[in-house]
Amino acid sequence: PLRPGIIFTMTLYIPLLLLTLLSLVSGDIFDAGDDGQLDDYDDVWQVENIDDYKKTSHNFNSVNIPDEEPTATVPQRDSIIVNARKRRELNLAYDDEWMSKPEMLELNEDTDSIALSEREASDGGTIKFNTRYDIPRTLEPGDFIEVIGTYKKARFSINLKANNGQIYLHVDFRPSHTTVLNSATPHWGSEVRDSYPTFSSGKEFKITIMVDDDSYRFFFNDELRSKKFPFRKSTDGVAYLQLFGGGNGLKINKINMPGDKKHELYVNREAFHEKISELKETIRNKIAGKTLSAVMDYANSTEGSLDLFKLELLKKVRSSGNILNIDNQEISWLLNNQEAIEMFMTSGDILNNNWRKAVEIFTEIIKQDPEAKEGLKLRLAVATGLTFAYPVRSQAIWSNLIDGIERYHQFVEWAKEKLFFTPFYQGTAWHLRYIVGSWQTNEEHIWARENILQDYKNEDKVADVTHKMVKYKLYNDDGVSVHSGAAYYYYKPITLEAFHKIGAVCGGISRFAVGMAQAHGVPALMVGQPGHCAYIWYRRGKWVLGNDISGWSKSDTHSYIQYSWKRKAPFFPAMDNAQKNLNNYKLSEKLRFAARFSEPHDKFEVIEAASSICPQNYAVWQEMELALEEPTLPRDVVHQAVVSTQSRSRYFFLFSS
């Protein structure tokens, strides 16, 4: 057996070799430079009616808010804009101190308590805040409560309380900050914090609180959030629901109280977990103790491909606390169609790991369009599901989300009209993700195709038109700095046309290039460089840098964009080469999954075979580290494999990009 020191050295060697050959620079992931473009429109706060807002107890002393509505110098602007940094200085009228003071609010005699499973409000669709709504019976596992409203930017909370006013669950949504889950006991500081959901102004939202076996789970628009809140007291004591906060036009339109129906997550979880256990047992029987040749045969078979990819998808869904209804017709088709599930599982990762959302979007597409089960439409449907599992925002108005299913249908129509360049029709689902995920609206895509300079209207030059159509300007024509954010663009939507007419710095110039390429069916995306924003795009069959000042080695990730293996930009050429040898990449992935079921002393052999078949598969190299830690590995086997691996890796990384 290998000595521990040698194993440790070998464990480090292969990843370091890859990183060295890639010339990657160590350091934390960073966003693009300070380019004056708003990466998140939480950086501005819109107050719809300043007079009404001032009637609350907010302290505006430290914030420069005009006493009057904006003048004609900012036309068609109905909101007051407050800088985000100053916004955080606001002294909110309510805070978390009330959590430590159990209270019983007087029930308004003019307002009936809700004791039905569902009840609509009678005053135009608004449930009242600070009012008791009785829960009709004792809460049980699987029960759920839904709060449905129309969003305007305001802090609010949903509270489950006992008859004595004590809080059993407090779900507090704090704009641009966090979601806090807590109870009145044992003390503040023991809360659970989750990320803030993506609310859209003027759009309906649904908050669901589900009672699990030992905790409360909460969902936003039917998506399970990652954090759960453990019971601190038995749910027997929960008597009513009460809402706090609100204002600024936020409305609660409906409250659905527990009825006979149990939540889908609770009902279907057992069958879902049983399916995972069944698949594990099947795969283990096919692989454990078998020769490499037998493992290869199984991985290459239709049965093995379906088993391995199906299990991996179900495990990814489960890892985020979700389940799938495996009896659903469209989901069942995905799980049992070899081409579809292979494509789904070899077209890149998802930024927030919300694989359930990806499945839901994909299956809704094939339900609406049965022709999406093959060919270009299948690739586009997979790309759409994977990409829009993480919210895709509109560059024009960052608070607006782009609808993935609507985008699929629109791109299908444009494809029929032959409006795209060749890369759109020939790309894999992975390539299509960086077209369909465009931050531009449909109208902007049309504008781009109608207004591009004719000399650049081809797939080899389309992104480079940005240097001819967007002027680099630190100040707009009225002298407003680009670092003023929305003011630079006169508080108007930041569209491709706005970049063209008003100007931009590195961020806007790169976004224009990416938008132009995607509007013509050419993959492109933003990348960050130190103090700068660049882009990469697909030109003549390879990824190239644009608006570049630092090269590949210092090109990093950019917010809201999915990168291959969740790594830095230089990994794009590696994934591109894997996609160009897709059958090898698929087999490499199946062997990577299969190795987890091999006997400990056989894992390295299977993983090493996967790396031979597709040396571009970075995930394989990560798992090889674990395989090398096995103390029973024969020394000569590792030595022979590593020498061969060095040669293959050096050849690939020197000559493939």
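Look up: the structure comes first, before these words.
The following paragraphs examine the structure supplied in this document.

What counts, and at which threshold
Residues numbered from 1 in each chain as written. Predicted model: local features only at pLDDT ≥ 70, side-chain atom pairs only at ≥ 80, totals over all residues. Heavy atoms only, no water. Helix = DSSP H or I, 4+ residues; strand = E, 2+ residues; numbered from the N terminus. Contact = heavy atoms within 4.5 Å. Areas by Shrake-Rupley, 256 points an atom, 1.4 Å probe, with all protein chains shown as cover. Buried < 20%, exposed > 50% of the residue type's maximum accessible area, 1.4 Å probe, protein only. Patch = residues over 30% accessible without salt bridge, like charges linked within 9 Å, V, L, I, M, F, W, Y side chains within 5 Å. Salt bridge = Lys/Arg side-chain N within 4 Å of Asp/Glu carboxyl O. Pairing = 2+ DSSP bridges. Axes fitted to C-alpha atoms, helices over the stretch in contact; angles between N-to-C directions. Core = buried A, V, L, I, M, F, W, Y, C linked by side-chain atoms within 4.5 Å. 1 Å grid on protein atoms, 1.4 Å probe; cavity = no way out; pocket = protein on both sides within 12 Å on 5 of 7 lines; lining within 4 Å. Points joined across faces, edges and corners; volume = space filled by probe spheres on them. Nonpolar A, V, L, I, M, F, W, Y, C, P; charged D, E, K, R; others polar. Parallel < 35°, antiparallel > 145°, perpendicular 65-115°, else oblique. Expected span 1.5 Å × (residues − 1). Phe/Tyr/Trp six-rings, centres within 6.5 Å; stacked < 30°, edge-to-face > 60°. Lys NZ or Arg CZ within 6 Å of the ring centre and 35° of its normal. Polar contact = N/O pair within 3.5 Å; in protein donor to acceptor, adjacent residues only side chain to side chain.

Focus on the overall build of the protein
1) Next: Across its full length, the protein carries 22 helices and 17 strands.
2) Next: Taking as baseline every contact in the protein between residues at least 6 positions apart, the subset at least 24 positions apart corresponds to 70%.
3) Next: Accessible surface computed for the protein: about 28700 Å², of which carbon and sulfur atoms make up 48%.

Points about the environment of T632
1) Next: Along the chain, T632 turns up in the loop between α21 (618-628) and α22 (635-655).
2) Next: In this structure T632 comes out as partly exposed when scored by relative accessible area, which is 46%.
3) Next: Sequence separation between T632 and H601 is 31 residues, and the spatial gap between their C-alpha atoms is 6.1 Å.

A few points about a nonpolar patch on the surface
1) Next: The grouping of Y472, L474 and Y475 at the surface amounts to a nonpolar patch, some 350 Å² of accessible area in total.
2) Next: According to the relative accessible area criterion, L474 is partly exposed, its value standing at 42%.

Details of the pattern of salt bridges
1) Next: The final tally for this structure, using the stated rule, is 30 salt bridges.
2) Next: Notably, a salt bridge pairs R269 with D212, separated by 2.7 Å at the nearest N-O pair. With a gap of 57 residues between them, R269 in helix α4 (residues 264-287) and D212 in the loop between β10 (204-211) and β11 (215-220) connect regions that are remote in the sequence.
3) Next: Linking E278 and K275 is a salt bridge whose minimum nitrogen-to-oxygen distance equals 3.4 Å. Of this pair, E278 and K275 both sit in helix α4, three residues apart, roughly one helical turn.
4) Next: Under the relative-accessibility criterion, E278 is labelled partly exposed at 45%.
5) Next: Classification of K275 as partly exposed rests on a relative accessible area of 22%.
6) Next: Here the salt bridges share partners, and the residues they tie into one network are E312, K316, E589, R592, R596 and E623.

Structural notes on the sheet that holds strand β17 (residues 542-546)
1) Next: One open sheet holds the three strands; their spatial order is β15-β16-β17, and the pairing between them is antiparallel. Strand pairing shows two members of the sheet lacking a second neighbour, β15 (524-529) and β17, which therefore form its edges. Strand-to-strand twist of the sheet, defined as the mean angle between neighbouring strand axes without regard to direction, takes the value 30°.
2) Next: Here β15 runs beside strand β16 (residues 532-539); their pairing, made up of six bridges, is antiparallel. Across the sheet, Q529 pairs through a bridge with H532, a residue of β16.

Overview of the nonpolar core
1) Next: Core analysis: the largest hydrophobic core is formed by 139 residues, its most contacted members being L313, F344, F362, F512, M516 and L591.
2) Next: With eight residues, the top contributor of residues to this core is helix α17 (residues 506-519).
3) Next: Residues in contact with L313, not counting those within four places in the same chain, are L334, L335, I341, F344, M345, W355 and V359.
4) Next: One finds Y151, V171, I252 and I255 within the second-largest nonpolar core, a separate group that totals 36 residues.

Quick word on empty space enclosed by the protein
1) Next: The tally for this structure, following the rule as stated, stands at six cavities of 30 Å³ or more.
2) Next: Taken as a whole, the largest cavity spans an internal volume of roughly 310 Å³.
3) Next: Put simply, the parts of the chain that give the lining of the largest cavity at least two residues each are α10 (375-388), α13 (429-436), α17 and β15.
4) Next: For the lining of the largest cavity, the element with the highest residue contribution is α17, accounting for four residues.
5) Next: Here the lining of the largest cavity is built from residues that sort into 14 nonpolar, seven polar and three charged.

Some remarks on the packing of helix α7 (residues 329-336) against helix α9 (residues 355-368)
1) Next: The geometry of α7 relative to α9 is characterised by a closest axis approach of 9 Å and an angle of 105° between their N-to-C directions. Here α9 runs roughly perpendicular to α7, going by the angle between their axes. Of the residues in α9, those touching α7 at E330, I331, W333 and L334 are V359, F362, T363, I366 and K367.
2) Next: For the contact of α7 with α9, the per-class residue count stands at six nonpolar, one polar and two charged.

Regarding the packing of α13 against helix α18 (residues 572-580)
1) Next: At a minimum axis distance of 9 Å, the contact between α13 and α18 shows a crossing angle of 130°. Our classification of the angle between α13 and α18 gives oblique. Two secondary-structure elements touch here, α13 through W430, H431 and Y434 and α18 through F572, M575, D576 and Q579.
2) Next: Its residues assigned to classes, the contact of α13 with α18 shows four nonpolar, two polar and one charged.

Points about α4
1) Next: When the terminal C-alpha atoms of α4 are compared, their 34 Å separation across 24 residues agrees well with the 34 Å that a helix rising 1.5 Å per residue should span.
2) Next: Those residues of α4 that fall on the buried side of the exposure criterion are L265, R269, F272, I276, L279, I283 and I287.
3) Next: For α4, the secondary structure elements touched by its buried residues are β10, β11, β12 (223-230), α5 (292-300), α6 (302-319) and α19 (582-595).
4) Next: Looking one or two residues beyond α4, the residue adopting positive phi is G289, at roughly 80°.

Focus on the pairing of strand β5 (residues 144-150)
1) Next: With six of seven residues buried, β5 lies mostly within the body of the structure.
2) Next: Here seven bridges tie β5 to β10, and the two strands are oriented antiparallel to one another. Residue pairing in the sheet places V147 in a bridge with I207 of β10.
3) Next: The sheet contact formed by β5 and strand β14 (residues 251-256) spans five bridges and is antiparallel. Residue pairing across strands places E146 opposite N256, the latter belonging to β14.

As for the packing of aromatic side chains
1) Next: All chains considered together, the criterion is met by 37 aromatic pairs.
2) Next: A centroid spacing of 6.1 Å and a plane angle of 75° characterise the contact between F156 and F199, whose relative ring orientation is edge-to-face. Of the two residues, F156 sits in strand β6 (residues 156-161) while F199 sits in the loop between β9 (192-194) and β10, which places them 43 residues apart along the sequence. Just as F156 is buried, F199 falls in that class too.
3) Next: With 6.5 Å between their ring centres and 25° between their planes, W333 and F362 make a pair best called stacked. On the criterion of sequence distance, the pair formed by W333 in helix α7 and F362 in helix α9 is long-range, its members being 29 residues apart.
4) Next: Geometry around Y425 places K418 over its ring, the cationic atom sitting 5.2 Å from the centre.

Comments concerning unusual backbone geometry
1) Next: One non-glycine residue, N130, lies in positive phi territory at about 60°.
2) Next: Position of N130 among the secondary structure elements: in the loop between β3 (118-120) and β4 (133-134).
3) Next: Phi is positive for N547, which is not a glycine, with a value near 50°.
4) Next: Of note, N547 is situated in the loop between β17 and α18.
5) Next: Overall, N547 belongs to the buried group, its relative accessible area being 18%.

Topic: the side chain of S215
1) Next: Residue placement: S215 occurs in strand β11.
2) Next: Within the structure, S215 has its side chain in polar contact with the side chain of D214 (distance 3.4 Å).

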